[in-house]
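The residues making up each chain are set out below.
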Amino acid sequence: MPPVRSALTAILGPTNTGKTHLAVERMCAHSSGMIGFPLRLLAREIYDRVVAMKGVQNVALITGEERIEPPQARWYCCTVESMPIQKEFAFVAIDEAQLGADPERGHIFTDRILHARGREETMILGSESLRPIIRSLLPDAEIISRPRFSTLSYAGAKKLSRLPKRSAIVAFSIEQVYAVAETLRRMRGGAAVVMGALSPRTRNAQVAMFQSGEVDYLVATDAIGMGLNLDVAHVAFVSLSKFDGSRRRRLTVAEMAQIAGRAGRHQRDGSFGTLAGEGSEFTPEEVLAIEGHSFPRLDWLYWREAKPRFNDIATLIADLEKKPHRPGLLPAPKAIDLLVLKRLAEMPDVKALIRHQVDVARLWEVACLPDFRQMGEEHHSRFVASLWQYLGQNDRVIPQSVYASELARLDNIQGDVDTLSARIAAVRTWTYIAHRSDWLTNPPAMAERARALEEKLSDALHDALRQRFVDKRTSMLLRKNATDVGLLPVEIQADTHVLVDGEDIGTLQGFAFRVDPAAKASDRKLLLAAAERHLAAYLRQKAKDVSMAQDSEFSLAADGEGKPAIFWQGEILGALSKGRTLLQPAFSPVKAVAGLEGDALREITTRAESWIATQLAKAMGGIVGLLELAQQADVDGNVRALAVRLADEGGIAGRHYLADAIAALPKEARGAARKGGIVFGALDIYHHAALKPAAARWRAALFAARDNRAMPELPPESAVHLKAWNFANASEARNAGYRRIGDEYVRIDLAERVIKKAHEARGQGNLFAMDMAFATSLGISEAGLKALMRDAGFRPAEQAPEPQPQTEAEVIAEIVSEVTEAVAAETAPLPDAEVTEMSASAEVEAIAPDAAAPLAAEPQAIILTHWRWVGLPKPRPPEQRQPRAKPQRQTSPATGKPKAKPERAPVVAKQSAQPSSLALQLAALKGLKL
C-alpha cells in the first residue's frame, strides 16, 4: 500500500483572522503535532491552552529558556529556533512565516518552511505577502486566504488626553515609552507597559493589569505586534519610524499593519491612528493599504546553510556564508552568532582548545548563545570566550560553583526599572545555559534555581513599573473625567479627620480612608480624589513608621471576625493564615494595607513577618527546641520522630495519640527526650515550656490560622482550675494547656502532679490510701477528682486493710527522713530530667499564689482516700479508633483486662501512737498534724 502523501497548506491573511487558533485545532486533531512560534510568550500561551485540552502529561513546551518535556508528550509548543525537527510528528506548523524576511532570524524561519514537515499534514501560517514566494519555493502547497474577522479603520491623529479607553500607544524607544506612561499616570491614573526587554512573566503581569481593567491604557513598543492577544480597541502610533540596529528608517506598510492589526478582537471592529503633536502622520496610500490589507509581496526570504560542515573553523564559516542556489532566497545578513564565531576564531586561547571536528561543532553551539543582554558583538564575544574555557577542556562543563556565584550576584531586587531589566536579561542567559544538557553537571537543578530567580526579579520589575506608572487610587477616580484637583489643600487632624479645602470629608482609620457620608454630593468625587492623592504620601510615611517601630508597639489579637491578626498601636495590619508549617504562618495584609504601593506594602509586610518570627521564637521556644532536637543526628531516631510529632501538635499531645511513638522509644533513649524538654505524663506528653501563657496564646492563634477559624477565648493566665468555662472541644482545651475532668478543667501539669502523687502512694500495690490535700487545694471537686483518677487508671476502693500500729521511734525516723529529703531537694541541684518535669509545677506556684496558698496555710489534718489501680487500657491501632464528640466510659470485657501483677502487701497509711513533743516539732516543720 503506497504511503499517505503529506498535505502541505499555507494559511495566509492579515492579523485577527484566527490562523493560530485553526492550527492549534488541527494539531490537536492529530495523534501528534508540533507548532513553531515566533515568541516564547506566545508559545507559553498556546501551551497552556493545549494542556487544558490534552493534559499536562501529554504536552511539551520547548523554548530557549524553558523546557517542559514529559516522557509521553505528543503535542509540542516551541519557539521556531527550538523546534526538535529530528523528531517525527503527524502534524507540523510554522507561525508568522513572513519573518523569513527578518535580517536576524529570517534564515531559521526559511529553513523550517523548506524542511520542517509533518507525516500527515504541514501548515505554514503568515501574511498574504508570502503568496508569491510560497508559490515559488513550494509549488505543491495549497494556499488558502483567511479574511480578517473585523474591520480596521483609520481614526486620524488624537491628543493623548482624548484617546478612548482600551487604547494601546506604540512607541519605538524606551524614552518615548516612559514619557507617555508618566503622562498617562498624571492624567488618567496610569498605564500598563510592555517592552521587548521585559521578561515573559513581567509582560504577562502588565498585560493582566490592562485586561482586567485596572488600567485603561497600554504603552508598548512594537513587541505587541506579534503574539500578544489583547482586548485593544484603538492603536495610536507615537512615531512611524524606528532605529533597526543600523539606521533610523520609516516603518514598512507591513510592519504598520502588523501593529495596527492588534486593534479589534474577533468580530469587534478596531481603529488606528497617530498621537497628535508628535509630527508623524500616515500617508493616504499607507492608510488605504492598511485598511485594505494590501501589502507589497515578498519575492525573497533570507537563507543560511542549516547543516554546515565541522571539518575546521574556516570550513564552518565558509558554509555559513555560502550563497543559496535557489531563486527567491538571499544570503542572510551576518547575524550575531556568526559574528561571534568569527571573533572567537581570532582568539588564540579559543583556537588552542580545538583539536577535532567535535570541538568545532561544540564551539558553534557556544557561539549561538543568544545575546539577551544586548551587549553587542564585542562584549558578547568575550563572554562566550570565557564560557568556552570551561566547555572546551577538562570536564567540558561549567563548574557549578561558577554558575551558582553568577546567580547569587544577580539575586538583588533593589534598583529601578532599567537595572532590574538588565538583571533579568542576564538571568535569561544563564537559564538558556541550564537548558543545555551537556553544559552543566546538574542542569535540572540549576535551571530551577535560574527560573526561580527570574520569577523573583520579574515580580520586582512588575512592582517597580506599577509603582512608577500607575496610581491605583486616582486611576479609578480620574478615569471618570474628573479635573485636576491636585492643588486643593488637604489637612489631616490629630483626631484623624481629613479636611479638603476646609471641608471634613472623612476619617483615616488605620490605613483605610472612610468617606464622611455627609460630604456634599456635588463635590464628593473631586474632594475624594484630592484626598486620595495627598494621602498617598502620608500613608507611605506611616508605612515607614511601622517598619521602624519597636516590638512593644505590635500585638496579637482577634480581628472583627475573631481571626488571629497583627495590630500596630491598636490599628490592624493583617491577619494570620495557613503557612507552610504550623510555626510558619502566612501574613495577609488587610485590604487597606494591601492597597499601598510598592515599597510601602513591602515595608509593612516585612516588619510584621519579622515581629511574628521574633515572637514565635520567644513564646514557642519549646517547639523550636523540639524541631532542633529532631535535627540532631546523634539522637536516637525514635526520639527525633517523637519530637517532630509533638511539635506538629504544638508541644502538647494526649499520650494515647503518641502511644505508638512512645512504645517504639527505648528506655535508655528517654533521658535524651527528657533532656530535650519532653515531659512524659500519664495522660499527656508535653514540652515543659509549652504551658506558659504566651505559648498558649500563640498556639491558639497558630491553630486558628491553620484551620481558618476564629481564635478561642483563653482563660486568665493565673487560672489553674476552671469550673465555669466551656472549651469547644478537647483539642481546644489541650491547646490552652488544660485537661477536662468531668465538668471542670485543670492545668495539664497539675493534673499530672496529682497522678504522680497517686502512683507514689500506690508503690507496688494495687490497693492504697493517699492524702488528696494537694488536689483539694487546687479547687478540684470530688467529682472532678474521681474523673481525673478514672482517666489515669484508678477506681475508688473500699476502706484499705487496717494498718499495724507504728511506734513513736518509727514515726520520728520517717518524719526526719522526709524532712531531710525535702531540705536536700531544695538545696542540692537536680538532674536534668527532674528539673524538666518539675519546672512546670514550680512555674504554677510562682504565677498562681492564690491556688498555691492552701499549701502554705495552717497545717491541716490528713484526709485519706482509698483507691484501686486497674491500669490504663491498651491503645488501639489508629485504624480501629473511632472519633468521639465526648469521652465516654467504656467497660472493658473481662478477657480484655491486662494480666494483674502478683499482688503484694498493700501500702496502707501508717498510724502512730500518741506522739511525743519531738515528733510534734518535726511534724510542724513539715506542716502536718499528728
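Structural data are supplied above this passage.
All figures in this text were calculated on a predicted structure; none of them were measured in a lab. (Residues numbered from 1 in each chain as written. Predicted model: local features only at pLDDT ≥ 70, side-chain atom pairs only at ≥ 80, totals over all residues. Heavy atoms only, no water.)

K.L.:
What is the right way to read the side chain of lysine 19 from this model?
P.N.:
Residue placement: lysine 19 occurs in helix 1 (residues 19-29). Put simply, lysine 19 is tucked away with no salt bridge, and the nearest opposite charge, on glutamate 96, sits 5.9 Å away. Within the local environment of lysine 19, its side chain forms a polar contact with the backbone oxygen of glycine 13, the two atoms lying 3.2 Å apart. Ignoring sequence-local partners within four residues, the contact set of lysine 19 consists of Ile11, Leu12, Gly13, Pro14, Leu125, Gly126 and Arg146. (Helix = DSSP H or I, 4+ residues; strand = E, 2+ residues; numbered from the N terminus. Buried < 20%, exposed > 50% of the residue type's maximum accessible area, 1.4 Å probe, protein only. Lys, Arg positive; Asp, Glu negative; His and termini not counted. Salt bridge = Lys/Arg side-chain N within 4 Å of Asp/Glu carboxyl O. Polar contact = N/O pair within 3.5 Å; in protein donor to acceptor, adjacent residues only side chain to side chain. Contact = heavy atoms within 4.5 Å.)

K.L.:
In this structure, what is going on with the sheet that holds strand 33 (residues 767-771)? I would like to understand it.
P.N.:
Hydrogen bonds along the backbone pair up the strands of a sheet, which may run parallel or antiparallel. Spatially, 3 strands are ordered 33-36-34 in an open sheet, and the strand pairing comes out antiparallel. Strand pairing shows two members of the sheet lacking a second neighbour, strand 33 and strand 34 (794-796), which therefore form its edges. Strand after strand, the sheet turns through a mean of 45° between neighbouring axes, direction not considered. Sheet analysis places strand 33 next to strand 36 (residues 864-869), joined by 5 bridges and oriented antiparallel. In the strand pairing of strand 36, aspartate 771 is matched with leucine 864. Set on the sheet, helix 27 (residues 748-762) makes contact with strand 33, strand 34 and strand 36; between it and strand 33 the angle comes to about 130°. (Pairing = 2+ DSSP bridges. Axes fitted to C-alpha atoms, helices over the stretch in contact; angles between N-to-C directions.)

K.L.:
Would you explain the packing of aromatic side chains in this entry?
P.N.:
As enumerated under the stated definition, the model contains 17 aromatic pairs in all. Note on phenylalanine 272 and phenylalanine 282: the rings are 5.3 Å apart at their centroids and 90° apart in plane angle, and the pair reads as edge-to-face. In this pair, phenylalanine 272 is assigned in strand 16 (residues 270-275) and phenylalanine 282 in the loop between strand 16 and helix 8 (284-292), connecting sequence segments 10 residues apart. For the residue pair phenylalanine 272 and phenylalanine 282, the accessibility class agrees, reading buried in each case. With centroids separated by 5.7 Å and ring planes inclined at 50°, the aromatic side chains of tryptophan 611 and tryptophan 698 adopt a geometry described as tilted. Residue tryptophan 611 is located in helix 20 (residues 598-619), and its partner tryptophan 698 is located in helix 25 (residues 693-707); the two are separated by 87 residues in the primary sequence. The class of tryptophan 611 is buried, set by a relative accessible area of 3%. Aromatic ring contacts, followed pair by pair, group Tyr154, Phe237, Phe272 and Phe282 into a single cluster. (Phe/Tyr/Trp six-rings, centres within 6.5 Å; stacked < 30°, edge-to-face > 60°.)

K.L.:
Would you mind going over unusual backbone geometry with me for this structure?
P.N.:
Generally, phi is negative for residues other than glycine and the peptide bonds are trans, each holding for most cases. The backbone of arginine 166 shows a phi angle near 65°, a positive value even though the residue is not glycine. A relative accessible area of 17% means that arginine 166 is categorised as buried.

K.L.:
I keep staring at the environment of isoleucine 398 and nothing clicks. Help me out?
P.N.:
Mapped onto the elements of the fold, isoleucine 398 is located in the loop between helix 13 (377-391) and helix 14 (400-410). Of the residues examined, isoleucine 398 reaches a relative accessible area of 0% and is grouped as buried. Through-space distance from the C-alpha of isoleucine 398 to that of aspartate 438 is 9.4 Å; in sequence the pair is 40 residues apart. Setting aside chain neighbours within four positions, we find isoleucine 398 in contact with Leu387, Tyr390, Leu391, Ile433, Trp439 and Leu440.

K.L.:
Whenever I open this one, the pairing of strand 32 (residues 744-747) confuses me. Can you help?
P.N.:
Put simply, side chains in a regular strand alternate between the two faces of the sheet. The alternating pattern of strand 32 places Glu744 and Val746 and Tyr745 and Arg747 on opposite faces, both of which are buried. Direction of pairing for strand 30 (residues 721-722) relative to strand 32: antiparallel, over a ladder of 2 bridges. The residue of strand 32 that forms the bridge with leucine 722 is tyrosine 745. For strand 31 (residues 738-741) and strand 32, the ladder comprises 4 bridges, and the chain directions are antiparallel. Of the residues in strand 32, the one forming a bridge with arginine 740 is tyrosine 745. Counting the residues that bridge the hairpin from strand 31 to strand 32 gives 2 residues, and of these glycine 742 lies at a positive phi of roughly 70°.

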